[in-house]
Amino acid sequence: MVNISLFAQDSIDGLLPVRGFCIAAPRPDNLEPFIQFIDNELAPRKVNTLVLRVDWNYQYKSYPQLQDSIALSKAEVKQIVETCRKHNIELIPHINLLGHQSWHSTTLNLLREFPEFNETPHIEMPEEYKWPNEDGLYCLSYCPLHPEVHDVVFAAMDEIMDVFEAKIFHAGMDEVFYIGDDKCPRCRGKDKAELFAGEVRLIRDHLAQNDRELWIWGDRLIDGATTGMGMWEASMNNTYRAIDMIPKDVVICDWHYERPDPTAVYFAMKGFRVITCPYRNPDVAVEQMNNMITWRRNSTAQISERFMGMMQTVWSDAEQYLDQFYGKRPPRNQDENSVACFKKLFEAMNKETIE
Ligand SMILES: [Zn+2]
């Protein structure tokens with residue numbers, strides 16, 4: 001462990017420029033408590049970046065059929081925008097692109113409404129989802145080479161970026177298991193790394209037309225076999241070589257929940273800006289933060305500035321999280337959960353730094 005009080009002369013912005021929090025966007029009936037959570041919990045802890053997983057929880061005008069049955073209105077989104085602006089919090093909307101187009105036995109909105117975009121239409125959705133399964137079905141993907149898929153996803157992306165008045169978009173792109181399927185007439189036989197990189201580049205280029213920036217999760221860019229990190233937090237389906245094929249201005253959200261893996265160094269040395277993302281283990285999160293600070297300190301100026309900071313991730317919905325946060329609902333694990341992790345990480349961050 002590094003004694004980060006050595007660096008106490010640095011401001012928190014110097015030590016960790018990005019102090020992020022990532023959670024599902026609230027549903028309309030939970031908007032008011034969520035705004036209070038930003039006011040009373042995020043802002044005082046010096047969170048300056050909020051990634052909101054909006055996905056289809058917005059009343060889209062471009063493709064209204066994509067929206068969830070209960071979804072945020074434009075006026076409701078503007079309340080979040082105003083709250084974040086008041087606290088100088090960078091608000092970053094997220095829509096899961098490429099992978100995560102189903103969850104368990106439910107096909108999610110994009111492929112439900114546009115089944116022709118499905119990379120693996122031959123896979124039948126199970127009545128009762130189990131992992132592992134014969135089809136290797138974790139989540140469906142869309143086909144990145146379908147000629148019409150980007151008309152739809154870019155329209156949704158542009159709309160959400162406008163309503164959130166955002167400069168940065170988070171496209172997810174994690175845990176893509178179905179890619180370059182042998183039965184896809186467009187993708188079969190193609191290099192999966194090139195397919196993944198091609199999709200990243202396309203999204204990045206579209207955003208860049210309006211001076212907007214792309215963030216993605218980093219797992220598909222790490223070699224799961226060589227690192228021993230496996231198929232979830234790294235890639236076992238040959239996408240990892242895409243790290244050398246995608247534009248360097250894409251920001252990597254490097255998630256590791258069980259160990260403080262030094263993968264941020266790998267991304268930074270490849271030329272990417274990187275943010276380390278913990279989830280539920282408070283000790284791991286604090287160690288990850290100390291590593292970030294050490295690496296910023298010990299690197300050349302070029303590499304140092306790529307270690308951008310930390311982002312707490314939350315994988316329950318916003319309402320559940322707030323209930324856990326305020327003790328209205330017990331966490332599944334008392335010691336390791338995303339409330340305990342967030343509190344300890346940001347306590348450590350704020351204690352060891354001065355303005
Ligand atoms: Zn395809």
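Sequence order as written defines residue numbering, which begins from 1 separately in each chain. Predicted model: local features are reported for residues with pLDDT of at least 70 only, side-chain atom pairs are reported and counted for 80 or more only, and whole-chain, interface and lining totals are derived from all residues. Only hydrogens and water are set aside when side-chain values are computed; all heavy atoms of the structure are taken into account.

Only the contacting stretch of a helix is used when fitting its axis, a line to C-alpha atoms as for every element, and angles between N-to-C directions run 0 to 180 degrees. A helix here means a DSSP run of H or I that spans at least four residues, while a strand means a run of E at least two residues long, and both kinds are numbered starting from the N terminus. Where helix 2 (residues 31-42) meets helix 3 (residues 74-86), the axes come as close as 10 Å, and the angle between the chain directions of the two elements is 10°. Relative to helix 3, the element helix 2 is oriented roughly parallel. Residues L31, E32, I35, I38 and D39 of helix 2 form the contact with helix 3, whose own contacting residues are E76, Q79, I80, T83, C84 and K86. Only Asp, Glu, Lys and Arg are considered charged in this grouping, and only Ala, Val, Leu, Ile, Met, Phe, Trp, Tyr, Cys and Pro are considered nonpolar; every other residue, Gly among them, is considered polar. Here the contact of helix 2 with helix 3 is composed, by residue class, of 5 nonpolar, 2 polar and 4 charged. Roughly parallel means an angle under 35 degrees; roughly antiparallel, over 145; roughly perpendicular, 65 to 115; everything else is oblique. Residue contacts are counted whenever heavy atoms from the two residues lie within 4.5 Å of one another.

What follows covers the side chain of D254. Considering the arrangement of structural elements, one finds D254 in strand 8 (residues 251-255). Between buried and exposed lies partly exposed: a residue is buried under 20% and exposed over 50% of the maximum accessible area for its type, with that area taken using a 1.4 Å probe on protein chains only. Positive: Lys, Arg. Negative: Asp, Glu. His and the chain ends are not part of the count. The rule for a salt bridge is simple: a side-chain nitrogen of Lys or Arg has to be within 4 Å of a carboxyl oxygen of Asp or Glu. Among buried Asp, Glu, Lys and Arg side chains, D254 stands out as unpaired, with R259 the closest opposite charge at 9.3 Å. Pairs of N or O atoms within 3.5 Å make up the polar contacts considered here, provided that, within protein, one atom can donate a hydrogen while the other can accept it, and that residues adjacent in sequence are counted only when both atoms are side-chain atoms. At a separation of 2.9 Å, a polar atom in the side chain of D254 contacts the side chain of H256. Reaching out from D254, the side chain makes a polar contact with the backbone nitrogen of A264 at a distance of 3.3 Å. Ignoring any residue separated from it by four or fewer positions in sequence, one finds D254 in contact with I222, T263, A264, F267, V274, I275, T276 and C277.

Chain-level pLDDT for the protein chain is 96 on average; 96% of the residues reach the 70-or-more range. As a per-residue measure, pLDDT reflects the predictor's confidence and takes values from 0 up to 100. Counted against residues more than four places away or in other chains, residues 1-9, with its pLDDT under 50, gives 18 contacts.

Let us look at the nonpolar core. Among buried residues, the Ala, Val, Leu, Ile, Met, Phe, Trp, Tyr and Cys ones that are joined through side-chain atoms within 4.5 Å form a nonpolar core. Counting 106 residues, the largest nonpolar core has F21, L50, L52, Y142, F169 and Y321 as its most contacted members. Counting residues per element, this core draws most heavily on helix 5 (residues 149-163), at 9 residues. Residues within four places of L50 in sequence aside, it is in contact with F21, I23, F34, I38, L42, C84, I89, E90, L91 and I92. If you look at the next biggest cluster of nonpolar residues, it comprises 16 residues, including W215, W255, C277 and M308.

What follows deals with the coordination of the zinc ion. Around the zinc ion, the donor atoms from the protein are E119 (OE), C143 (SG), C184 (SG) and C187 (SG), and they sit 2.1 to 2.3 Å away. Counted as donors are N, O and S atoms no farther than 2.8 Å from the metal, or 3.2 Å for Na, K and Ca; water is not among the atoms, and sites may therefore look incomplete. The geometry test gives tetrahedral to four donors whose angles all lie between 85 and 135 degrees, gives square planar to four donors and octahedral to six donors whose opposite members are over 155 degrees apart with all other angles between 65 and 115, and gives irregular to the rest. Bound by 4 donor atoms, the zinc ion shows angles of 99 to 117° at the metal and therefore tetrahedral coordination geometry.

On the secondary structure map, I160 appears in helix 5. Classification of I160 by relative accessible area gives buried; the value is 0%. For I160 and P93, which are 67 residues apart along the polypeptide, the C-alpha to C-alpha distance reads 7.1 Å.

Another point: the packing of helix 9 (residues 282-298) against helix 12 (residues 338-351). The contact between helix 9 and helix 12 brings their axes to 8 Å, and the two run at 35°. Every pair of crossing elements has a handedness; the one defined by helix 9 and helix 12 is right-handed. On helix 12, the residues touching P282, D283, A285, V286 and M289 of helix 9 are A340, C341, K344, L345, A348 and M349. Among the residues making up the contact of helix 9 with helix 12, the classes are represented as 9 nonpolar, no polar and 2 charged. Whether a crossing is left-handed or right-handed is set by the direction in which the near helix is turned from the far one by less than a right angle, anticlockwise for left-handed and clockwise for right-handed.

So, about the pattern of salt bridges. Any two side chains of opposite charge can pair, so long as their charged atoms come close to each other. By the definition in use, this model includes 20 salt bridges. The salt bridge involving R45 is made with E41; its shortest N-O contact spans 2.8 Å. On the accessibility criterion, E41 (12% relative accessible area) is buried. Linking D323 and R329 is a salt bridge whose minimum nitrogen-to-oxygen distance equals 3.1 Å. In this structure D323 comes out as buried when scored by relative accessible area, which is 18%. It is possible to trace a salt-bridge network through shared partners that takes in K78, E82, R85 and E165.

Whether two strands pair comes down to DSSP finding at least two bridges between them. Overall, parallel pairing links the 8 strands, which are arranged 1-2-3-6-7-8-9-10 in a closed barrel. Sheet twist, expressed as the mean angle between neighbouring strand axes with direction ignored, is 25°. Strand direction decides the pairing type here: strand 8 and strand 9 (residues 274-277), joined by 4 bridges, are parallel. Following the sheet pairing, W255 is matched in strand 9 by C277. Strand contacts of helix 5: strand 3 (90-97) and strand 6 (168-172), with the helix running at about 165° to strand 3, the strand carrying the most contacts.

The next point concerns the pairing of strand 2 (residues 49-53). With 5 of its 5 residues buried, strand 2 lies for the most part within the structure. Judged by which residues are buried, strand 2 turns out to be covered on both faces: T49, V51 and R53 on one side and L50 and L52 on the other are all buried. Strand direction decides the pairing type here: strand 1 (residues 18-24) and strand 2, joined by 5 bridges, are parallel. Counted as the bridge partner of C22 is V51 from strand 2. A clockwise path from the first strand over the helix to the second, with the strands pointing away from the viewer, defines a right-handed crossover. Read as a crossover between parallel neighbours, the route from strand 1 over helix 2 to strand 2 is right-handed.

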